[in-house]
2 protein chains.
Amino acid sequence: MPGEFELIARHFTRPVRRAALESAPGAQGVALAKLGGAQRVALENVGGAQHVALGVGDDCALLNVAPGMQLAISCDMLIEGRHFLSTVPPERLGHKALAVNLSDLAACGAEPLAFTLALALPRADDNFLAAFARGLYALADAHDIELVGGDTTAGPLNICITVFGQVPAGQALLRSGARAGDQLWVSGTLGDARLALEAFRGKVSLPGAVFETVRQAMELPQPRVALGRALRGLATSAIDLSDGLLGDMAHVLRHSGVGARVNVDALPRSAALAAIPLPLQHECLLAGGDEYELLFTAPASAHAAVLAAGSAAGVAVHCCGQIEAAPGLRVVDGIGRDVATPWHAFDHFL
Amino acid sequence: MPGEFELIARHFTRPVRRAALESAPGAQGVALAKLGGAQRVALENVGGAQHVALGVGDDCALLNVAPGMQLAISCDMLIEGRHFLSTVPPERLGHKALAVNLSDLAACGAEPLAFTLALALPRADDNFLAAFARGLYALADAHDIELVGGDTTAGPLNICITVFGQVPAGQALLRSGARAGDQLWVSGTLGDARLALEAFRGKVSLPGAVFETVRQAMELPQPRVALGRALRGLATSAIDLSDGLLGDMAHVLRHSGVGARVNVDALPRSAALAAIPLPLQHECLLAGGDEYELLFTAPASAHAAVLAAGSAAGVAVHCCGQIEAAPGLRVVDGIGRDVATPWHAFDHFL
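Residues numbered from 1 in each chain as written. Chains lettered and ligands numbered in written order. Predicted model: local features only at pLDDT ≥ 70, side-chain atom pairs only at ≥ 80, totals over all residues. Heavy atoms only, no water.

1. Thoughts on the overall build of chain A
In terms of helices and strands, chain A carries ten helices and twelve strands. Split into buried and exposed, the 350 residues of chain A put 63% on the buried side. Summarising the internal contacts of chain A: among those between residues at least 6 apart in sequence, 81% fall at separations of at least 24. Of the roughly 11900 Å² of accessible surface on chain A, 55% is carried by carbon and sulfur atoms. (Helix = DSSP H or I, 4+ residues; strand = E, 2+ residues; numbered from the N terminus. Buried < 20%, exposed > 50% of the residue type's maximum accessible area, 1.4 Å probe, protein only. Contact = heavy atoms within 4.5 Å. Areas by Shrake-Rupley, 256 points an atom, 1.4 Å probe, with all protein chains shown as cover.)

2. What to know about the pattern of salt bridges
Residues and elements named next belong to chain B. Taken as a whole, this structure holds 26 salt bridges over all chains when the rule is applied. Across the pair E293 and R224 runs a salt bridge whose closest N-O atoms are separated by 2.8 Å. Taken together, the residues E293 in the loop between α9 (278-287) and β10 (294-298) and R224 in the loop between α5 (208-219) and α6 (225-230) connect sequence positions 69 residues apart. Take E293: its relative accessible area is 6%, and that puts it in the buried class. Given a relative accessible area of 19%, R224 falls into the buried group. (Salt bridge = Lys/Arg side-chain N within 4 Å of Asp/Glu carboxyl O.)

3. Some details on the sheet that holds strand β8 (residues 237-240) of chain B
All names here are of chain B. Reading across from one edge, β8-β10-β7-β11-β9-β12 is the order of the six strands in this open sheet, with mixed pairing throughout. Every interior strand has two partners, whereas the edge strands, β8 and β12 (328-332), have only one. With strand direction ignored, the average angle separating the axes of adjacent strands in the sheet is 25°. Where β8 lies against β10, four bridges are found, and the strand directions are antiparallel. Looking at the pairing, A238 lines up with F296 of β10. (Pairing = 2+ DSSP bridges. Axes fitted to C-alpha atoms, helices over the stretch in contact; angles between N-to-C directions.)

4. Focus: the sheet that holds strand β12 (residues 328-332) of chain A
Residue and element names in this part refer to chain A. Strand order in the open sheet made by the six strands is β8-β10-β7-β11-β9-β12, with mixed pairing throughout. Of all the strands in the sheet, just β8 (237-240) and β12 have a single pairing partner and so form its edges. In this sheet, neighbouring strand axes are inclined to one another by 25° on average, regardless of whether the strands run parallel or antiparallel. One ladder, built from five bridges, connects strand β7 (residues 183-187) with strand β11 (residues 317-324); its direction is antiparallel. Across the sheet, residue Q183 finds its bridge partner in β11, namely Q322.

5. Some words on the environment of D76 of chain A
Structurally, the position occupied by D76 of chain A is in strand β3 (residues 69-79). Residue D76 of chain A is classed as buried on the basis of its relative accessible area, which comes to 17%. As for D76 of chain A and S187 of chain A, which are separated by 111 residues in sequence, their C-alpha atoms are 22 Å apart. Look past the residues within four positions of D76 of chain A in its chain and what remains in contact with it is V100, N101, D104, I159, C160 and I161 of chain A together with D151 of chain B.

6. Structural notes on unusual backbone geometry
Residues and elements named next belong to chain A. Despite not being glycine, D144 shows a phi value in the positive range, around 60°. If you trace the backbone, D144 turns up in the loop between α3 (126-142) and β5 (146-154). We classify D144 as partly exposed; its relative accessible area is 21%. Phi is positive for D290, which is not a glycine, with a value near 60°.

7. Regarding the packing of aromatic side chains
Residue and element names in this part refer to chain B. Taken as a whole, this structure holds seven aromatic pairs over all chains when the rule is applied. Ring centres 6.1 Å apart and planes at 0° place the aromatic pair W185 and F296 in the stacked group. With W185 in strand β7 (residues 183-187) and F296 in strand β10, this residue pair connects regions lying 111 residues apart in the sequence. Just as W185 is buried, F296 falls in that class too. (Phe/Tyr/Trp six-rings, centres within 6.5 Å; stacked < 30°, edge-to-face > 60°.)

8. Brief notes about the packing of helix α2 (residues 90-108) of chain B against α5 of chain B
When two helices pack together, their arrangement is captured by the angle between the axes and the distance separating the axes. All names here are of chain B. Contact geometry for α2 and α5: axes closest at 9 Å, N-to-C directions at 50°. In this view, α2 runs oblique relative to α5, as classed from their interaxial angle. In contact with R92, H95 and K96 of α2, α5 contributes R215, Q216, M218 and E219. The residue inventory of the contact of α2 with α5, partitioned by class, reads one nonpolar, two polar and four charged. (Parallel < 35°, antiparallel > 145°, perpendicular 65-115°, else oblique. Nonpolar A, V, L, I, M, F, W, Y, C, P; charged D, E, K, R; others polar.)

9. Here's the deal with the pairing of β11 of chain A
Relative to β11 of chain A, strand β9 (residues 259-263) of chain A runs antiparallel, the two sharing four bridges. Within the sheet, the bridge partner assigned to A260 of chain A lies in β11 of chain A and is I323 of chain A.

10. Some remarks on the pairing of β5 of chain A
All names here are of chain A. In terms of burial, β5 is a largely internal element, eight of the nine residues being buried. Pairing of strand β4 (residues 111-121) with β5, which is carried by eight bridges, proceeds in the parallel orientation. For L121, the partnering residue across the bridge sits in β5 and is A154. Where the polypeptide runs from β4 across α3 and back to β5, its parallel neighbour, the crossover connection is right-handed. (Right-handed = clockwise from strand over helix to strand, strands pointing away.)

11. A closer look at helix α5 (residues 208-219) of chain A
Residue and element names in this part refer to chain A. In this model α5 runs 16 Å from its N-terminal to its C-terminal C-alpha over twelve residues, within 8% of the 16 Å that 1.5 Å per residue would give. Three or more residues of α5 are buried, namely F211, V214, R215, M218 and E219. Burial along α5 is one-sided: seen end-on, the buried residues are contained in an arc of 135°. Tucked into the core, α5 has its buried residues touching α2 (90-108), α4 (192-201) and α8 (271-274). (Expected span 1.5 Å × (residues − 1). Arc of directions from axis to C-beta.)

12. A closer look at the side chain of E324 of chain A
All names here are of chain A. In this fold, E324 is placed in strand β11. Only 2.9 Å separates the side chain of E324 from the side chain of R261, close enough to count as a polar contact. In contact with E324, other than residues within four places in its own chain, are A180, V258, G259, A260, R261 and R330. (Polar contact = N/O pair within 3.5 Å; in protein donor to acceptor, adjacent residues only side chain to side chain.)

What follows is the structure in structure tokens.
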């Protein structure tokens with residue numbers, strides 16, 4: 001069985017891409033493919049890869065943060081049975097582990113730069129690691145970011161990624177900025193990931209092609225990074241939907257000290273979800289979780305600009321409610337009738 | 001049983017210390033003790049706490065990195081039975097989880113700024129968390145750094161910390177800078193952590209007071225942050241001793257493209273370790289691991305300056321060998337005889 005260092009070398013060491021290399025001070029030269037070779041990169045551009053001054057292999061990675069920028073940091077730990085099912089293909093798991101972290105950067109409007117990966121594995125499984133790394137790097141490449149460090153160890157399967165981005169100082173989208181009168185928006189469609197989970201659980205039966213589609217929503221979420229950046233200066237607050245609309249709305253309302261009204265009929269949903277009986281459909285829409293769409297608020301005067309930002313980012317955005325001064329969250333249907341919401345936010349200890 | 005959010009609030013949310021607060025843009029005000037209250041800090045000083053622009057509670061934390069500084073990042077995952085024994089008091093575990101990460105910053109010569117914590121726990125154990133947080137924060141306070149984000153989840157016990165520091169651009173201590181002729185140095189004493197492990201394993205029997213002393217070396221390692229910073233511009237390479245002297249030396253030699261001669265009789269050791277029969281004593285000194293002392297190289301001309309740096313940092317440093325052009329690591333005794341080293345570097349998958 002290969003050792004820890006060999007494993008890291010085989011799957012998680014790559015040349016730094018698209019970046020001019022210079023020798024590290026005192027280094028005898030730079031070997032790109034060598035495990036932990038000091039990969040010192042000249043800072044020439046603003047893309048993520050160009051911010052990595054020193055990647056995997058030393059005690060620390062070194063990142064350059066551009067002048068006037070703040071570093072945005074988020075960290076998520078994924079556990080089998082809690083955050084993913086044992087049925088997930090490892091390549092999709094690699095994608096998702098990074099996606100849920102990038103989604104946090106998206107919710108702040110930050111530009112991704114780099115990430116670290118800590119991985120506990122029951123055994124050094126070469127096939128698993130090759131597939132996991134493939135999915136991870138495909139998404140990393142799509143966002144032009146580098147794995148800059150991490151840790152591997154034997155233990156119950158656990159994936160912990162910390163992601164780094166940058167955002168102009170003072171311009172990060174926060175949970176705390178929603179104001180009475182703001183419109184409430186969501187990106188993409190909601191509920192498919194939860195529908196897939198219910199199908200895996202046997203609570204609902206779906207045709208094969210439909211199941212594959214919603215399964216993809218659960219296993220291959222697309223972090224809305226471009227949208228988050230496009231919403232800087234436009235949105236008054238933002239959060240990514242990981243605990244379900246009601247749970248994540250509650251965070252925004254508490255941080256902002258406001259209330260809200262949500263029109264459940266205005267929540268965007270796939271054809272698959274629209275075909276499900278209403279009670280479960282509402283549960284998937286309102287208490288789904290694991291969606292990684294953005295929930296954000298913006299002044300009504302910015303309505304057209306928000307639509308344009310979504311269009312520029314290639315993501316549909318839907319206005320689905322508004323922020324109100326009165327505390328609490330009121331869920332109504334298209335003609336203003338109250339909708340029952342007998343569900344809790346997803347809690348990883350319940 | 002308290003929920004995830006309540007747990008985070010109870011143990012891992014604190015007011016940002018010693019820093020002027022200003023309202024977040026668009027915030028309705030700042031509530032210090034409130035879970036996830038947007039804690040936006042005016043950048044006024046260079047201490048770690050003053051670099052935190054936004055702490056726990058939003059999608060991302062925001063850090064300010066001073067102009068001309070690079071961000072140093074390290075990440076370690078700790079698993080029961082691999083990185084700590086089930087017998088470790090939770091308060092010491094909290095200390096150690098952060099200490100091993102700070103040790104990586106020390107090895108780079110970086111100034112610690114902040115850290116994230118991801119924690120998987122079999123159950124939401126209030127007593128465990130209170131003690132763990134106490135140990136964690138005591139060390140964080142000693143280094144003037146803040147917990148800025150993280151994640152908690154149910155699962156097999158797993159602690160993943162990512163730590164952030166800053167270092168003047170181009171001045172980080174790397175593994176790759178050792179040159180033939182450099183002297184080899186270690187800080188503190190070696191081998192006590194391994195001796196404690198062997199005592200726990202029943203391989204050696206120690207008097208009670210001696211056992212408590214070496215146990216403390218294993219459970220309460222002191223990261224050599226001040227020494228690392230004092231060695232900037234002086235040391236040509238540095239690494240922290242986590243895999244044992246032989247294993248970590250091998251990293252330095254490979255990255256630097258050199259060989260070395262180590263005098264085992266010159267390795268600093270406690271009175272407790274000096275009383276142990278030589279074969280086990282040598283194993284503890286050379287293949288111990290879990291020590292978090294610094295191993296570093298410096299030109300012979302810097303000998304007095306290195307001693308002065310150790311003195312200024314309050315840590316004894318010992319010259320114990322030298323770097324040679326010929327590849328390989330030669331371990332000898334005080335009169336130049338070869339010493340057998342039939343041990344491997346600690347590998348977390350073996």
